[in-house]
Structure formats: structure tokens, C-alpha cells
Amino acid sequence: MATLLQRSSITLSSFDIDDDPAALPDLIRAADFIFHLAGVNRPQDPEEFASGNAGLTKTIISHLTEQDRATPLLISSSIQAAQDNLYGLSKREAEDAVFAYGRQSGASVYVYRLPNVFGKWCRPNYNSAVATFCHNIANNLPIQINDPSAMMNLVYIDDVVAEFIATMDGSLCVSDPYCHVEPVHSLMLGEIADLIRSFPESRTNLGIADMSDPFTKKLYSTYLSYLPHDDFSYLLKMNVDERGSFTEFIKTADRGQVSVNISKAGVSKGNHWHHSKNEKFLVVSGQGMIQFRRVGSSNIINYPVSGDRLDVVDIPTGYTHNITNTGTTDLVTIIWCNEVYDPEKPDTYFEAVERKEQL
């Protein structure tokens, strides 16, 4: 038994399978709210379904009924409780015991019939296809899909925890009589596998998955938690010459790309303009000058930039521009461009900012 969390006046303590059973009654007596999240779903002996699900639940309830107060109880059940297999029957018996405790004691009870739960730290090759796919793909292992069109209903662990905390804090669950976690993400198994496969590919194509999609955002966070400890980093291709380097970092279909430009002391880069392409420059180290001249004009506009002051400089269309390292150390610039570079349509026209007749 361990104290896991203290939040203002709330202390969260745990009891797990390896703890001393003799400590359970005292833990229950001290509790103002009980989360019963334990269960058995893949035992070596089928009889463990009954003892690990219905039996443990009835043991908890027996300790609760020994008290004079009605302690709220939340239990994590499963959509399998609607089925007549051994696991489902044991979970339904546990649910019935919880509902009976609520009726007899007047305590608030919350029975959550959860679909497939996914998220960080879920055990792979056990009871979650998402965990297995993330683990295997992150570790360059094969995955097996028997039916790519099989539909999966999924809830994210952070959404589950947020729902449970809200219930403890007094928000009523949506019950019929079962409580549910929202949102539920419904996708085909093949779609989920394809999406996970795209995550390691992003290291080479520099793409970013659609993080505006809530499921994709949660799935990518889940995938990252399965990366091997020696595979957190990856190299980018640096285009290096005597002037410095230029390195593409991120490319997106709808938000452009991000690159890193390094200029040596005294080096000037650019001296070109664009019709529709536009950029943002952010100097993060060194001293420099960004110069502009509207095409067809002779007026030069100067913008001093420095890593000591993080000014973002917009590069408007129709202005030839350059950036010069005026310091003694490397000038490091983060560049965002509104489109991924297309060598077939570069939209880049070379023209010096300072024309010869101006010098």
C-alpha cells in the first residue's frame, strides 16, 4: 500500500495485488471515496475470473457495510459485461454487487462500462491491440491484423482519469444506469495500424500528423511512450557549405515547413523575393541584419535582429530580402515558410537587395 498523490486536502492511496490483504480493511475504513479499478481478464485458471472480479468486489463491499457511513464507490467495469463469456459474467456479477450496495446503503455508486482503453504504459501483447501495435512498430517488430475492417471503440486513459476525478469532485456521470467516458473514438483496426505506421516515417519525411484530430493527437502521444530508450533522437540532414548550413526540421501539408539556418560571421544569405511564398524569421542566437527592398523601388529597409531579443520578422511577398551575420559568432535563425519547398515551383527570384548602382 502506498500514498500516490496529495492534492490540497486530498490524499490518494493505493492497494494492489502484491499488497498485504490484511491492510485492506483499514484502508477502506479511512477512505472517503473508493476507486475500484482492479480486475482479472486473462487468468491461467478460469476460476480466477470469479474470484478476481466478483469476489474481490464483494470483499470490498463487505468491508464497506461494516461502517456506519455510506462511502461512495466507483468501479471500472467493461463492455464485456454485456456478454455471456466467463469474463463478462464475472464483471456483471461485480456490477450487480455494487448496485446492490448503493441501494442498501444509500451510497453513491458509479459503474463505468469501459470500451478499449489506450494510452501510455499499457502492457503490449496482452489485452490491447493499440498497445501492441505501438510497441511493435516503435521497436521495428511485425504486427498481425486478422481483420483490418474490424471496428474498435476506444477511450483515452487521460480522458478516463479526468472523468473519474470529475465524478469524485461531484460531477454526475451520465448513467443508464452505467456511466460512460467521452469521447469515444471509433476507427477500423487497419486505420489505427496505418496511422501508427506513419509516426516513425515522420522522422524521414519530416511530416507531422494531423494534431487537430483528437484521436491522432492522443495516439501519437501513446506511440512515443513505447520508443526504446536509445531511440528518442534522430538526425536531420544538414545542407552545409562555407557560408554555414540550412536544415529542414518539420514539413506539413497545411501549415508549411520549419527550418534552421546557420550563417557564419560576415555571411549574407538570401537576396531573393517571392510572389506568393512568405516566411517568418526568428533569430535565436547571434547578431544580424535583415534587409528589404520592394521590387521596383530603391528604398532599403533595415531590421536589426539578435538572439538577445526574440523578434519575429515577417518576410512579405514582393520584397527582395537578405539576412547578414553582423556579429562574431554563428547567426542561428528559425525560419517558417508557408509552404513546403517544391523544386518544380520554387517561387524564388534572385535579386540583390543592394543593387550595384546604389553602392
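Before going into details, it helps to say that this report is about the structure given with it. Since we're looking at a predicted model, the values are computed, not measured.

## Details of the overall build of the protein
Part 1: Across its full length, the protein holds 7 helices and 19 strands.
Part 2: Over its C-alpha atoms the protein spans a radius of gyration of 30 Å, topping by over 25% the 21 Å that the globule rule assigns to 359 residues.
Part 3: Dimensions along the principal axes, computed over C-alpha positions, put the protein at roughly 95 × 50 × 35 Å.
Part 4: Within the protein, the proportion of its 359 residues that are buried is 37%.

## Regarding the sheet that holds strand 17 (residues 319–325)
Part 1: Here we have 5 strands laid out as an open sheet, ordered 15-14-17-12-19, and antiparallel in their pairing. Edge positions in the open sheet fall to strand 15 (300–306) and strand 19 (349–350), since each of these has one partner strand only.
Part 2: As paired strands, strand 12 (residues 268–273) and strand 19 are joined by 2 bridges and run antiparallel to one another. Within the sheet, the bridge partner assigned to histidine 272 lies in strand 19 and is phenylalanine 350.

## Section: the side chain of threonine 57
Part 1: Note that threonine 57 resides in helix 2 (residues 47–65).
Part 2: At 2.7 Å, the side chain of threonine 57 forms a polar contact with the backbone oxygen of asparagine 53.
Part 3: Dropping the residues within four chain positions of it, threonine 57 is found in contact with His36, Ile75, Ala94, Ala97 and Val98.

## Things to note about the packing of helix 4 (residues 129–138) against helix 7 (residues 214–224)
Part 1: The interhelical angle for the contact between helix 4 and helix 7, taken along N-to-C directions, is 55°, at an axis separation of 9 Å. Here helix 4 lies oblique to helix 7, going by the angle between them. As helix 4 runs across helix 7, the sense of the crossing is right-handed. Contacts between helix 4 and helix 7 involve Val130, Cys134, Ile137 and Ala138 from the former and Leu219, Thr222 and Tyr223 from the latter.
Part 2: Among the residues making up the contact of helix 4 with helix 7, the classes are represented as 6 nonpolar, 1 polar and no charged.

## Digging into unusual backbone geometry
Part 1: Cis geometry marks the peptide bond from glutamate 182 to proline 183; its omega dihedral reads 0°.
Part 2: In this structure, proline 183 sits in the loop between helix 5 (157–168) and strand 8 (185–188).
Part 3: Of note, aspartate 347 is a non-glycine position whose phi angle comes to about 50°, a positive value.
Part 4: Counting through the fold element by element, aspartate 347 comes out in the loop between strand 18 (331–337) and strand 19.
Part 5: Residue class for aspartate 347 comes out buried when judged on its relative accessible area of 15%.

## What about the side chain of threonine 247?
Part 1: In this structure, threonine 247 sits in strand 10 (residues 244–252).
Part 2: Threonine 247 sits in the buried class, given a relative accessible area of 7%.

## Digging into the state of the cysteines
Part 1: With the rule as written, the count across this model stands at 0 disulfides.
Part 2: Looking at the unpaired cysteine 134, the closest cysteine sulfur is the one in cysteine 122, lying at 9.4 Å.

Conventions we followed
- Residues numbered from 1 in each chain as written.
- Predicted model: local features only at pLDDT ≥ 70, side-chain atom pairs only at ≥ 80, totals over all residues.
- Heavy atoms only, no water.
- Helix = DSSP H or I, 4+ residues; strand = E, 2+ residues; numbered from the N terminus.
- Rg over C-alpha atoms; globule rule 2.2 N^0.38 Å.
- Buried < 20%, exposed > 50% of the residue type's maximum accessible area, 1.4 Å probe, protein only.
- Pairing = 2+ DSSP bridges.
- Polar contact = N/O pair within 3.5 Å; in protein donor to acceptor, adjacent residues only side chain to side chain.
- Contact = heavy atoms within 4.5 Å.
- Axes fitted to C-alpha atoms, helices over the stretch in contact; angles between N-to-C directions.
- Parallel < 35°, antiparallel > 145°, perpendicular 65-115°, else oblique.
- Left-handed = near helix turned anticlockwise from the far one by under 90°.
- Nonpolar A, V, L, I, M, F, W, Y, C, P; charged D, E, K, R; others polar.
- Disulfide = S-S within 2.5 Å.

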